[in-house]
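Examining the three-dimensional arrangement
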Amino acid sequence: MSVTYRSYLRLPELLDLQSPLSDAHDELLFLTIHQASELWMKLCLHELEAARALIAADDLSPAFKMMARVARIQQQLIQSWGVLSTMTPADYTKMRGKLGTSSGFQSDQYRRLEFILGNRKPEMAELYPDEPHIADAIRLLARRGFDVPATREWGVAYQASPKVEAAWAAVYADPDTHWDLYELAEKLVDLEYHVQLWRFGHLKTVERVIGFKTGTGGTAGVHYLAKVIEQQFFPELLSVRTA
């Protein structure tokens, strides 16, 4: 049998995955946005895992392409909030009772994505005990002769290091000499920038749709999301700009 567009994409199975639990018109929108986001996150993980291996091997050029692609994917994820925000409070109320205690923060891929980027809270470390992270860039700095810690304690939230900031300051002070490290730093900043835009879009969409109500997963809703925005992946790459 020849491969067709329909068979290659397995469209019948794919389009059968949207199964609303209510008769609310907007539930299909809600399902589609979240399922599409999971597919985009799957691709982000695919690219970041490959980029991480290349950084560990000191092969940065192909890693840059993958990281740039992730930033473009993140733009798609950010724009999805604009579509979801067309759901009004009345629209959401019609279906909210069917969601139970489900929450976007239960997404395994979302947690793993944050973990790979360096958000190493202890509870997340238990889920991914052997998972390296994209911030192997610090190990790369050590291999290049900079005086930085070559390892970090597993499963512990990262604390900004003055030595790491000093290393990045040296890179930024002389980008011509350290061009690949300079470009890596900017690619990492770009990833964090887009994550923060995604988080902010999440906050404002939730605020618009449910106000300051408690989230379905039991979180404090908007107040919880505001605290999440304060979390950084690469603090030295931000503080070095004012060092």
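Here, the structure is the one placed above.
From a predicted model like this one, the values you see are computed outputs, not experimental measurements. (Residues numbered from 1 in each chain as written. Predicted model: local features only at pLDDT ≥ 70, side-chain atom pairs only at ≥ 80, totals over all residues. Heavy atoms only, no water.)

**A closer look at the nonpolar core**
Quick note on the threshold: In plain words, nonpolar cores are sets of buried Ala, Val, Leu, Ile, Met, Phe, Trp, Tyr and Cys residues tied together by side-chain atoms within 4.5 Å. Any residue under 20% of the maximum accessible area for its type is buried, any over 50% is exposed, and the rest in between are partly exposed; the area is computed with a 1.4 Å probe on protein chains only. Numbering goes from the N terminus for both helices and strands, where a helix is a DSSP run of H or I of at least four residues and a strand is a run of E of at least two.
Core analysis: the biggest nonpolar cluster contains 56 residues, and Tyr-92, Leu-141, Trp-168 and Leu-184 have the highest contact counts within it. Listing elements by their share of this core, those giving two or more residues are helix H3 (27-56), helix H4 (60-84), helix H5 (89-96), helix H6 (108-117), helix H8 (137-143), helix H9 (162-173), helix H10 (179-210) and helix H11 (222-229). Examining the composition of this core, we find that twelve residues originate from one element, H10, more than from any other.

**A short note on unusual backbone geometry**
If you check the backbone angles, Arg-10 has positive phi at about 50° while not being a glycine. Mapped onto the elements of the fold, Arg-10 is located in the loop between helix H1 (5-8) and helix H2 (11-15). For Asp-58, which is not glycine, the phi torsion reads 60° and is therefore positive. Of note, Asp-58 is situated in the loop between H3 and H4. Given the relative accessible area of 35%, Asp-58 is considered partly exposed.

**Structural notes on a nonpolar patch on the surface**
The criterion, for reference: Exposure above 30% relative accessible area and the absence of a salt bridge qualify a residue for a patch, where like charges join within 9 Å and nonpolar side chains (Val, Leu, Ile, Met, Phe, Trp, Tyr) within 5 Å. Note that accessible areas follow from Shrake-Rupley with a 1.4 Å probe, and for residues the cover is restricted to the protein chains shown. When a carboxyl oxygen of Asp or Glu lies within 4 Å of a side-chain nitrogen of Lys or Arg, that pair is called a salt bridge.
Taken together, the side chains of Val-3, Tyr-5, Tyr-8 and Leu-9 present a nonpolar region at the surface, about 530 Å² in accessible area. Within the secondary structure, Leu-9 sits in the loop between H1 and H2.

**Thoughts on the pattern of salt bridges**
Counted under the stated rule, the structure contains eleven salt bridges. The closest approach of N and O atoms between Arg-10 and Glu-13, which form a salt bridge, is 3.7 Å. Arg-10 sits in the exposed class, given a relative accessible area of 53%. By relative accessible area, which is 40% here, Glu-13 ends up partly exposed. One salt bridge connects Arg-241 with Glu-186, and the closest N-O pair in it is separated by 2.6 Å. One end of the pair, Arg-241, is in the segment after helix H12 (235-239); the other, Glu-186, is in helix H10, and 55 residues separate them in sequence. For Arg-241, a relative accessible area of 42% puts it in the partly exposed group. Sharing partners across several salt bridges, the network here consists of Asp-58, Arg-144 and Asp-180.

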